[in-house]
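# Reading the structure
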Amino acid sequence: MVDFFQSLTLIEMTAYALQALLIMIAFAIVIHKNNGTIVILIASFSLVTASLYVINNAPDVAIAEVAIGSAIIPLIYVISISRQREFIVLDKAMDDFIIHDNTFTGVGYILLKRFSDFYHLELNITNDPMYYKDTVSRDQVLTEQTNVDLIITKDPQKEDGYVLKGKASNILMSKLEEMVKDYDNIRLIKFKDRDLGE
Amino acid sequence: MSQIPVILIFLPVLTALFIYLFKWRHMHLLALLTQTGMTILAIVYFLHFKDQFEATHIILGGWSDVRIGISLANDGLSMAFIFLTLFMWWSVLTYLYRFGKTEHTFLFFLMFLQGVFLGLLQSNDLFNLFVFFELTTIIVTILIAYKKTGESFRAAIYYLLLNTSGVLLFLIAIVMLYNLYGTINIRVLSEVIHTHADTTILKFAYVLMMTGISVKAALFPVFTWLPKAHGVAQSAISALLSGLIVKGGIYLFFRINFLFESAGLPYHNIFFILGLLTALSGIIFALAQKNIKLMLAYSTVSQIGLIIMGLSSPDITTFYGGVLHTFNHALFKALLFLGAGVIIAVYRTKKLDEIRGVFRTMPIISVMMIIGMLAITGMPFFNGYISKSIIKYGFEDSVFRTLALYLVNIGTTTLFIKMSHIFFGPKMLSYPMKHRQQNITLLLLALACLVFGNFYVEIMDAFFGIDYAHITRISLGGLLDYGITVIIGILIYLYVLKKDVKLVKGIREFKISFETANILFIALLTVLTFYFVIL
Amino acid sequence: MNPILTFIVILIGFYGLATSNNIIKSVFSVTIIESGVILLFLNLGNLEGGAIPILNDQVSYIVDPLPQALMITTIVIGSTVTALALMLCIKIFHHYGTVEWKEVLGRKDVKS
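A brief structural summary. Computed from a prediction, not measured in an experiment: that's the story for all the values here.

## Description of the pattern of salt bridges
Pairing between side chains becomes possible if they bear opposite charge and their charged atoms approach one another. Tallying each qualifying case throughout the model produces 5 salt bridges over all chains. Note that K113 of chain A is salt-bridged to D117 of chain A, the shortest N-O span being 3.8 Å. Here D117 of chain A and K113 of chain A lie together in helix 5 (residues 107–118), a separation of 4 residues that amounts to about one turn. A salt bridge links D353 of chain B to K290 of chain B, with the nearest nitrogen and oxygen atoms 3.6 Å apart. Within this pair, whereas D353 of chain B is found in the loop between helix 13 (316–347) and helix 14 (358–361), its partner K290 of chain B is found in the loop between helix 11 (268–287) and helix 12 (292–311), the two being separated by 63 residues in sequence. When its relative accessible area of 47% is taken as the criterion, D353 of chain B is described as partly exposed. Overall, K290 of chain B belongs to the partly exposed group, its relative accessible area being 32%.

## Topic: a nonpolar patch on the surface
Residues and elements named next belong to chain B. Together, L480, I484, I487, I488, I490, L491, I492, L494, Y495 and V496 make up an exposed nonpolar region whose accessible area comes to about 910 Å². Structurally, the position occupied by L494 is in helix 20 (residues 476–497). Overall, L494 belongs to the partly exposed group, its relative accessible area being 40%.

## Remarks on the packing of aromatic side chains
Residue and element names in this part refer to chain B. For the coordinates displayed, the defined rule picks out 35 aromatic pairs over all chains. Between F254 and F319, the ring centres sit 5.8 Å apart and the planes meet at 80°, which makes this aromatic pair edge-to-face. Pair noted here: F254 is in helix 10 (residues 235–259) and F319 is in helix 13, with a separation of 65 residues, a long-range link. By the burial criterion, F254 is buried, and F319 matches it. A cation over a ring is seen here: K228 above Y158, with NZ or CZ 4.8 Å from the ring centre. Note that R401 overlies the ring of F272, its terminal NZ or CZ placed 4.3 Å from the centroid.

## Considerations on unusual backbone geometry
Residues and elements named next belong to chain B. Cis geometry marks the peptide bond from F220 to P221, where omega comes out at -5°. Take P221: it is sitting in the loop between helix 8 (200–216) and helix 9 (225–232). Despite not being glycine, K148 has its phi angle at roughly 60°, a positive value. Judged by relative accessible area, which is 57%, K148 ranks as exposed. The backbone of A218 shows a phi angle near 60°, a positive value even though the residue is not glycine. Looking at the element boundaries, A218 is found in the loop between helix 8 and helix 9. Owing to a relative accessible area of 0%, A218 belongs among the buried residues under this scheme.

## Considerations on the interface of chain A and chain C
Facing 48 residues of chain A, the contacting portion of chain C comprises 48 residues. In this assembly, chain A packs against chain C so that about 4600 Å² is buried in total across both faces, 69% of it on carbon and sulfur atoms. Taken together, the links from chain A to chain C amount to 0 salt bridges. Linking chain A to chain C there are 7 residue pairs in polar contact (both at pLDDT 80 or more). Partitioning the side of chain A that touches chain C into residue classes produces 29 nonpolar, 11 polar and 8 charged.

## Re empty space enclosed by the protein
Applying the stated criterion to the full structure yields 4 cavities of 30 Å³ or more. Within this model, the largest cavity holds a volume of roughly 170 Å³. Along the walls of the largest cavity sit 15 residues, with E65, I68 and G69 of chain A together with T31 and S35 of chain C positioned nearest its centre. Mapped onto the lining of the largest cavity, the elements with two or more residues apiece are helix 3 (35–55) and helix 4 (59–84) of chain A together with helix 2 (23–45) and helix 3 (66–96) of chain C. The residue inventory of the lining of the largest cavity, partitioned by class, reads 6 nonpolar, 7 polar and 2 charged.

Criteria and cut-off values
The written sequence of each chain sets the order in which its residues are numbered from 1. To label them, take the chains in the order written and letter them from A, then take the ligands in the order written and number them from 1. Given that the model is predicted, a residue must reach a pLDDT of at least 70 before its local features are reported, and side-chain atom pairs must reach 80 or more before they are shown or counted; all residues, however, enter totals for whole chains, interfaces and linings. Side-chain numbers come from the whole structure's heavy atoms, not from hydrogens or water. We define a salt bridge as a side-chain nitrogen of Lys or Arg found within 4 Å of a carboxyl oxygen belonging to Asp or Glu. We count a stretch as a helix when DSSP gives it H or I for four or more residues in a row; a strand needs E for two or more, and each element gets its number in order from the N terminus. Exposure categories follow from relative accessible area, calculated using a 1.4 Å probe and restricted to protein chains: below 20% of the type maximum is buried, above 50% is exposed, and the middle band is partly exposed. Grouping into patches uses exposed residues only, defined as over 30% relative accessible area, and leaves out salt-bridged ones; the cut-off is 9 Å for like charges and 5 Å for nonpolar side chains (Val, Leu, Ile, Met, Phe, Trp, Tyr). All accessibility values rest on the Shrake-Rupley procedure with a 1.4 Å probe; residue burial counts only the protein chains present in the view. Any two of the Phe, Tyr and Trp rings considered here, Trp counted by its six-membered ring, make a pair once their centres fall within 6.5 Å; the pair's planes then place it as stacked at under 30 degrees, edge-to-face at over 60, or tilted in between. Either the NZ atom of lysine or the CZ atom of arginine qualifies as a charge over a ring when it sits within 6 Å of the ring centre and within 35 degrees of the ring normal. Note on contacts: a residue pair qualifies if any of its non-hydrogen atoms lie within 4.5 Å across the two residues. Buried area is calculated as the accessible area (1.4 Å probe) missing from two parts once they are joined, with the contributions of both summed. Polar contacts, as used here, are pairs of N or O atoms within 3.5 Å; protein pairs need one atom able to donate a hydrogen and one able to accept it. Residues neighboring in sequence count only if both atoms are side-chain atoms. For this classification, the nonpolar set comprises Ala, Val, Leu, Ile, Met, Phe, Trp, Tyr, Cys and Pro, the charged set comprises Asp, Glu, Lys and Arg, and every other residue, Gly included, is treated as polar. Here the term cavity refers to a set of points on a 1 Å grid, laid over the protein atoms alone, in which a 1.4 Å probe fits but cannot get out; the term pocket refers to an open set having protein on both sides within 12 Å along at least five of seven lines, with lining residues being those that place an atom within 4 Å of a point. Grid points are joined across faces, edges and corners, and a volume is the space filled by probe spheres set on the points.

Taken by themselves, the reported measurements are silent on function.
Put into structure tokens, the structure is as follows:
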């Protein structure tokens, strides 16, 4: 065994060491549960494989692998994940449910903040006129076709009440429903998925 | 003239780009025009090269040595599949035509898929095959997810991940073959493969290729992506997928078997058993469903099992029976899916219990659907009977195989008796306007079913040189067989399926998670390795 | 350099695919499998004492250039598949609020 190690040239030793490192990184990727860690490990995996390609006399493949695996894939991942962690709320009620005395202390705001902090989401309350265009102004169509997750409107049946609307297939809505049970002036409506045949 | 294969691949792609870049209202006509041009080119090419298919070997890039360079080649089987592809795309394009409106992005992907699929059929080079294989996977994923509902996204990602891991196994096999032989040209490889015939590496490469192909062709136990994908896509896309893209997997199945023929691997028995398991599990799941599209999708799985049962036999006549069933199944499954699409658009629901009275509301479409159902269950005079008789004739020696075939036929008949309940009932009061071109498409497909059912001797002789004059078109024995199958089917339906027993409900709700699907995939790989390498 | 060690990387990729509980980990397991396959091919195409296959008049013995050409194509295809899968993940998150496999596949989507 020791003779084997002594007979290797420097390049062969580097190759074996890099391959062992590759196996360890691959195992770490499969084991970890946090997605952010996985992406950084993928970038390092890509770098180590690129070095191995160079040792195997293939520099052009190494350039392609570095460009794609270390640069573009983490970039796509960061863009897609940053879109995922947002919870977009459209406020159509426009009274002191959210903003009270010019600061974010309304009853609704405290509830939504508690909800989004608990589930590690980034709360984004908006009032963008883009959502009020004629073609997409119906609430159900808004949740289906744009990326709005929740719509707040005034309750037409109750004085001082509010209705929160969202998609029924979204499991965050069922969790929000649990939190809303304590408040008796807030109601939740879940839109079922419509499938128009064809 | 000899460059026509290249034109057949690139013309749809260029049309697709043109449609996408210039968004004019009448662009659909351009697609139909391209389709006409390609049909003419294909017919001219076929008539020219009919007896000399060796000369169709083209090497792209001007290399002189046949072992390097990308090559395309054609023979009788690939020409037949090319004509089937062109006919399928004709049907789908006519079905989707609306005067004055064009969905540009959708047509872009559709025409692109046609170019890529024609490339898959004609490539003679293993790596070229891999590239086109992956491209069809990517474009079909986009088409499945095109409806943008929640279930179409989850079906699309399931399809993408499972198929990509299958195709990567195919790539490992290509690596091994290159390392052994130094070339990846299919024609050259099939001549030299016997030189290393008994090595472990060759058998392992065969196992890897077959596992990758069985994911694409939806064999047991990795067919679970098919019902999800075909059940939620748009009807035109479901028809195309069930009719043609799974047949791409079947095409690769027999191409790879031809490649490895001189190595003498004993694949006949195990693929018969796999085909049998696929057929039975497909029909069991189909009988328990309540959704029309899921019933048709599971029936596709079981018919693929039947095709593999035919293709895995060593007798050449039964083999071509399997090939003929591939074409027949494409025709009547497309007919059924497109008809079901019209029915769903009118009734606005997919559940079997809520659709009644189709015969009084839409008589022409009901007649077409009835023709499709008769064809798939194997009534004499239609095309299903011919291919099923050829396969049955090949299994005459073995009681076990004939019994298995009868079992699958009875199951299919029961399924379509269950589905035929949509025809009874009162007429619907108001429905949206019908589109004439959909009727024309369905009529075309139904006529094709009739033609294949009656003129099969001439067709099979022209393409493959196989003589089928000994299979009779209508015979008393055939009619009697069919009558008995129908009666048994009705009995099973009335006594077992009408009441929704707990077992049936359990089968319907049975879901296989993604991890289990992968474990089954690895299990298939292990079983095949054990059978071929160790035994 | 041993092909067996590369096979171990591919096996770890398959293990990850079979035991992953969210979609993003499955996508990256496919990436690992693919990088492993490319490494395997390049390793088998590397001949002893050969030079890099870039045009140079003084060298006469080069390693096999065919695997390298094929593998650049494979890397590009792999990146396309990863990008498409991540985009589908975003859409799934918008509909379901989660990217776990059990939640996404288990829900009967409330209408069928």
